[in-house]
Each structure stands twice: as structure tokens, then as C-alpha cells.
Amino acid sequence: MIDLRSDTVTRPTPAMREAMARAEVGDDVLGEDPTVRALEEEVAKVVGKEAALFVTSGTMGNQLAIALHTRPGDEVIVGEGAHVVFFESGAGPALSGVQFAIAGAGGLFDVAAMEERVQGGAYWSPRTSLVCVENTHNRAGGRVFPQADAIAIAEAAKARGLGVHLDGARIWNASAKTGLSPRELCAPFDTVSVCFSKGLGAPVGSALCTTRENVERARRLRKMWGGGMRQAGILAAGALYALTHHRDRLGEDHAKATIFAEHVARVAGARVDLAGVETNIVNVDLDAAMTADAVASAARKLGLAINPSGPRRLRAVTHLDVSSAEMVQAADILRLAIEEVRRA
Ligand SMILES: *Cc1c(COP(=O)(O)O)cnc(C)c1O
């Protein structure tokens with residue numbers, strides 16, 4: 001089975017497992033796990049923040065950031081299709097009591113679109129307190145958030161006293177694509193959530209990177225939310241291995257996405273915006289005659305796992321555990337699946 005459902009489906013490599021098996025551990029709730037500390041110091045350094053907190057998931061990193069920046073009743077400005085709104089089980093309203101305002105269309109937005117959504121300050125209006133940027137943007141098909149826009153948004157937000165958070169689950173992909181360092185990409189933001197288990201291929205974990213003071217506030221909330229982990233060095237060792245060894249290879253995943261996209265673009269009944277394929281995600285739009293569900297289940301029987309992301313849209317994500325040759329095969333399988341569904 002060629003699995004393009006997500007870049008989270010990777011298995012730890014033998015070398016990563018070896019690093020995990022050898023990890024020195026201690027009780028991290030007591031602050032005594034040396035491997036967790038080493039990971040937190042290293043990731044803080046890589047993204048250019050004072051400190052970092054190892055957390056169970058990207059959802060926890062994002063939601064801790066929302067909790068740090070807001071009070072109940074506040075409004076958070078996000079791009080269309082934001083992960084914090086659509087893929088985190090309603091955590092923003094549930095855990096922090098916030099609501100969301102969507103800026104712009106398609107996921108990416110500029111400073112003008114942001115300013116349009118800042119509430120006026122009347123006591124009957126919700127208070128805008130935070131702006132969240134997602135880079136790369138998942139629903140937008142792995143698009144890179146233009147850095148000039150990120151800088152302008154952060155400046156305008158700070159001038160108004162708003163916090164700025166980066167959902168950088170795939171910031172490593174944005175860095176590989178643009179050549180800008182993670183430090184440069186994260187510089188405009190107060191808080192940054194980064195993921196070790198997407199493109200980097202670690203089994204578990206994300207980090208919230210910010211000031212030392214924010215990390216200590218987040219540490220309390222992490223425990224409150226059930227995210228205090230004991231000998232988490234086993235997991236941190238996988239994340240540290242991934243951070244050290246798997247960042248430089250992300251360009252390969254992007255090249256694989258391009259191969260897949262170019263082959264699928266030639267399939268009758270499928271459409272791919274080739275210019276929009278910037279990193280490791282490919283959105284495939286289907287003719288009106290087919291549903292994404294039908295094509296996905298036909299593809300699965302032929303050996304390709306691919307997820308619908310809309311009624312007529314499929315989303316393919318490349319990663320460590322698929323090869324370039326498999327990208328050509330995957331496009332072929334998709335062609336067969338589409339032909340089968342069109343005949344039916
Ligand atoms: C995957 C992802 C996350 C984190 O998801 P978890 O499953 O909670 O680790 C956050 N933001 C974006 C944009 C993502 O793609």
C-alpha cells in the first residue's frame with residue numbers, strides 16, 4: 001500500500017529507534033528528564049526563541065498558545081481553513097472560551113485582511129487578542145505563508161497590542177522551500193508551535209517555543225490538561241533525532257509531490273494546480289461526475305491510500321516512507337481508480 005493520507009503515517013527509522021532505545025530518561029514532571037531538556041534547548045535554539053516546551057501534539061502546542069494569549073470571550077483572527085479551527089476538536093472555544101474570525105480567503109492573508117477583522121473596541125464587541133498564522137498552510141495545499149505578509153501582520157498586530165502565534169507544524173517544509181531559516185520564519189511571532197511527527201518523521205510530539213515566562217505558564221496548563229509526561233525522554237529522543245537528521249531531506253518530499261502532481265495533471269477527470277504545489281501536499285480536484293469518496297475507495301483497493309478533503313477533492317501528502325518511483329505508481333493507480341469510477 002502506498003500511503004499518501006498524511007505525513008504523520010511514517011514509522012521511526014532503525015537509527016531513530018536506536019536513539020530512542022538508548023535515551024537517558026527521568027521524571028519530566030519533576031523536571032528531571034535530560035533528553036526532554038536537551039530537545040527543548042535544541043528546538044528553542046533552532047527556531048530562535050528563549051525556551052521551548054515538549055508537548056504531546058500540535059493541537060496541544062496551538063491550544064496552549066491560545067490560552068496564553070487570550071481570555072474567555074476573546075476573538076482570535078485566523079486564515080480560512082485554519083487547523084486551530086477545523087482540526088482541533090473545538091478546543092479553542094472549549095478550553096479557552098474564544099471564538100474565531102476568518103481573515104481573507106484560501107488560508108493565506110495579508111495585513112489589510114487582518115486589520116479588517118480586528119474588533120472596534122466597544123464593550124459589547126468581543127476583544128480581539130490574537131492573530132494566528134499557519135505556515136505552511138495545510139488546507140491551502142501546503143502553501144508557504146509569504147514572509148513579507150507575516151512580518152507586516154506581526155507588526156500591525158503588535159502595534160495594536162495583539163499577540164501573534166505561528167502554527168508552524170510544517171515550518172520545516174516552509175524553510176526547505178524558501179531557504180529562509182526556521183529562526184527567520186519564526187522571528188515575527190511571540191509563540192510558535194512546531195511538529196516533530198509530520199515531515200520530520202518522529203513518532204510523537206510537538207514543541208511550543210516562546211519566552212521563558214510563557215513556557216512556565218504553559219507548563220502549568222500542560223499539566224492541568226493532562227499533558228505532563230514522565231520518562232518522556234524516550235519520545236524526545238526520537239524528536240531530537242528527527243530534528244537533527246531529517247530536516248535537510250525535506251526537499252526530497254517536495255520533489256516527490258511535484259512528480260505525483262505532474263503525473264496526475266495528465267489524468268482525464270483530475271485537475272491539479274501545479275503552481276500551487278509548493279511543498280509536500282497535493283490537492284487533486286475531480287470532475288463533477290465523481291465523488292472523492294468513490295475514487296478514494298477504488299484507489300484503496302488498487303493499493304493507494306489517499307484521503308478525500310472535500311466532496312470532489314483528494315489530498316495527497318508525501319513523506320519519508322514513500323519513494324519517487326512510488327509517486328509514478330500512485331498517479332497510475334489514481335488514473336485507474338478514476339477510470340473505474342467514471343465507468344460505473
Ligand atoms: C498536523 C497539524 C497540527 C497538529 O496536529 P496534531 O495531530 O495535534 O499533532 C497543527 N497544525 C497544522 C497546520 C497541522 O497540519
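Everything numeric here is computed off the predicted structure, so don't read it as measured data.

Once that is clear, we can look at the overall build of the protein. Looking only at helices and strands, the protein features 14 helices and 13 strands. Buried residues in the protein amount to 55% of all 344 residues. The contacts in the protein between residues at least 6 apart in sequence include a share of 75% that link residues at least 24 apart. Working note: accessible area of the protein is about 14,400 Å², and carbon and sulfur atoms make up 50% of it. Distance between charge centroids for the protein: 3 Å, based on 38 positive and 41 negative side chains.

Tallied over the entire structure, the rule returns 1 cavity of 30 Å³ or more. Counting residues per element, the lining of the largest cavity draws most heavily on strand 5 (residues 128-134), at 3 residues. Its residues placed into classes, the lining of the largest cavity shows 6 nonpolar, 3 polar and 2 charged.

Our next topic: the packing of helix 2 (residues 34-47) against helix 11 (residues 233-245). Two elements in contact, helix 2 and helix 11, have axes whose closest approach is 8 Å; the angle formed by their N-to-C orientations is 30°. The angle between the axes of helix 2 and helix 11 places the two elements in the roughly parallel class. The handedness of the crossing between helix 2 and helix 11 is left-handed. Contact residues: Thr-35, Val-36, Ala-38, Leu-39, Glu-42, Val-43 and Val-46 in helix 2; Gly-233, Ala-236, Ala-237, Ala-239, Leu-240 and Leu-243 in helix 11. Classifying every residue of the contact of helix 2 with helix 11 gives 10 nonpolar, 2 polar and 1 charged.

Right, let's get into the sheet that holds strand 5. The strand order 2-8-7-6-5-3-4 describes an open sheet built from 7 strands, whose pairing is mixed. In the strand order of this sheet, the two ends are held by strand 2 (51-55) and strand 4 (99-103), each with one partner. On average, each strand axis in the sheet is inclined to that of its neighbour by 20°, with strand direction left out of account. Two strands pair when backbone bridges link them, and strand 3 (residues 75-79) and strand 4 are joined in this way by 5 bridges, in the parallel orientation. If you follow Val-76 over to strand 4, its bridge partner there is Phe-100.

Bringing the UniProt feature "domain: Aromatic amino acid beta-eliminating lyase/threonine aldolase" (unreviewed entry) in the protein into the picture now. Feature annotation in UniProt places "domain: Aromatic amino acid beta-eliminating lyase/threonine aldolase" (unreviewed entry) on residues 3-285, given in this structure's numbering. Strand forms 16% of residues 3-285 and helix 42%; the C-alpha atoms that close the span are 19 Å apart.

Inspection of the secondary structure assignment puts Glu-134 in strand 5. Within the structure, the side chain of Glu-134 is placed 2.7 Å from the backbone nitrogen of His-83, a separation counted as a polar contact. A distance of 2.9 Å separates the side chain of Glu-134 from the backbone nitrogen of Asn-138, its partner in a polar contact. Discounting chain neighbours no more than four positions away, the residues touching Glu-134 are Ala-82, His-83, Arg-139, Phe-145 and Asp-167.

Here we come to the UniProt feature "modified residue: N6-(pyridoxal phosphate)lysine" (unreviewed entry) in the protein. Using the residue numbers shown here, the UniProt feature "modified residue: N6-(pyridoxal phosphate)lysine" (unreviewed entry) corresponds to Lys-198. Summarising the element assignment, Lys-198 is placed in the loop between strand 7 (191-195) and strand 8 (206-210). Apart from the residues lying within four places of it in its own chain, the contact partners of Lys-198 are Asp-7, Thr-8, Ala-169 and Arg-170.

Glancing now at the pattern of salt bridges. Applying the stated rule across the entire model yields 19 salt bridges. With a shortest N-O distance of 3.5 Å, Glu-115 and Arg-160 are connected by a salt bridge. Placement of Glu-115 in helix 6 (residues 111-116) and of Arg-160 in the loop between helix 7 (147-159) and strand 6 (163-168) is noted, with a sequence separation of 45 residues between them. Notably, a salt bridge pairs Arg-335 with Glu-339, separated by 3.3 Å at the nearest N-O pair. Here Glu-339 and Arg-335 lie together in helix 14 (residues 324-343), a separation of 4 residues that amounts to about one turn. A relative accessible area of 30% means that Arg-335 is categorised as partly exposed.

Conventions and cut-offs
- Residues numbered from 1 in each chain as written.
- Predicted model: local features only at pLDDT ≥ 70, side-chain atom pairs only at ≥ 80, totals over all residues.
- Heavy atoms only, no water.
- Helix = DSSP H or I, 4+ residues; strand = E, 2+ residues; numbered from the N terminus.
- Buried < 20%, exposed > 50% of the residue type's maximum accessible area, 1.4 Å probe, protein only.
- Contact = heavy atoms within 4.5 Å.
- Areas by Shrake-Rupley, 256 points an atom, 1.4 Å probe, with all protein chains shown as cover.
- Lys, Arg positive; Asp, Glu negative; His and termini not counted.
- Charge placed at Lys NZ, Arg CZ, Asp CG, Glu CD.
- 1 Å grid on protein atoms, 1.4 Å probe; cavity = no way out; pocket = protein on both sides within 12 Å on 5 of 7 lines; lining within 4 Å.
- Points joined across faces, edges and corners; volume = space filled by probe spheres on them.
- Nonpolar A, V, L, I, M, F, W, Y, C, P; charged D, E, K, R; others polar.
- Axes fitted to C-alpha atoms, helices over the stretch in contact; angles between N-to-C directions.
- Parallel < 35°, antiparallel > 145°, perpendicular 65-115°, else oblique.
- Left-handed = near helix turned anticlockwise from the far one by under 90°.
- Pairing = 2+ DSSP bridges.
- UniProt positions renumbered as here; feature names shortened; annotations may be inferred.
- Polar contact = N/O pair within 3.5 Å; in protein donor to acceptor, adjacent residues only side chain to side chain.
- Salt bridge = Lys/Arg side-chain N within 4 Å of Asp/Glu carboxyl O.

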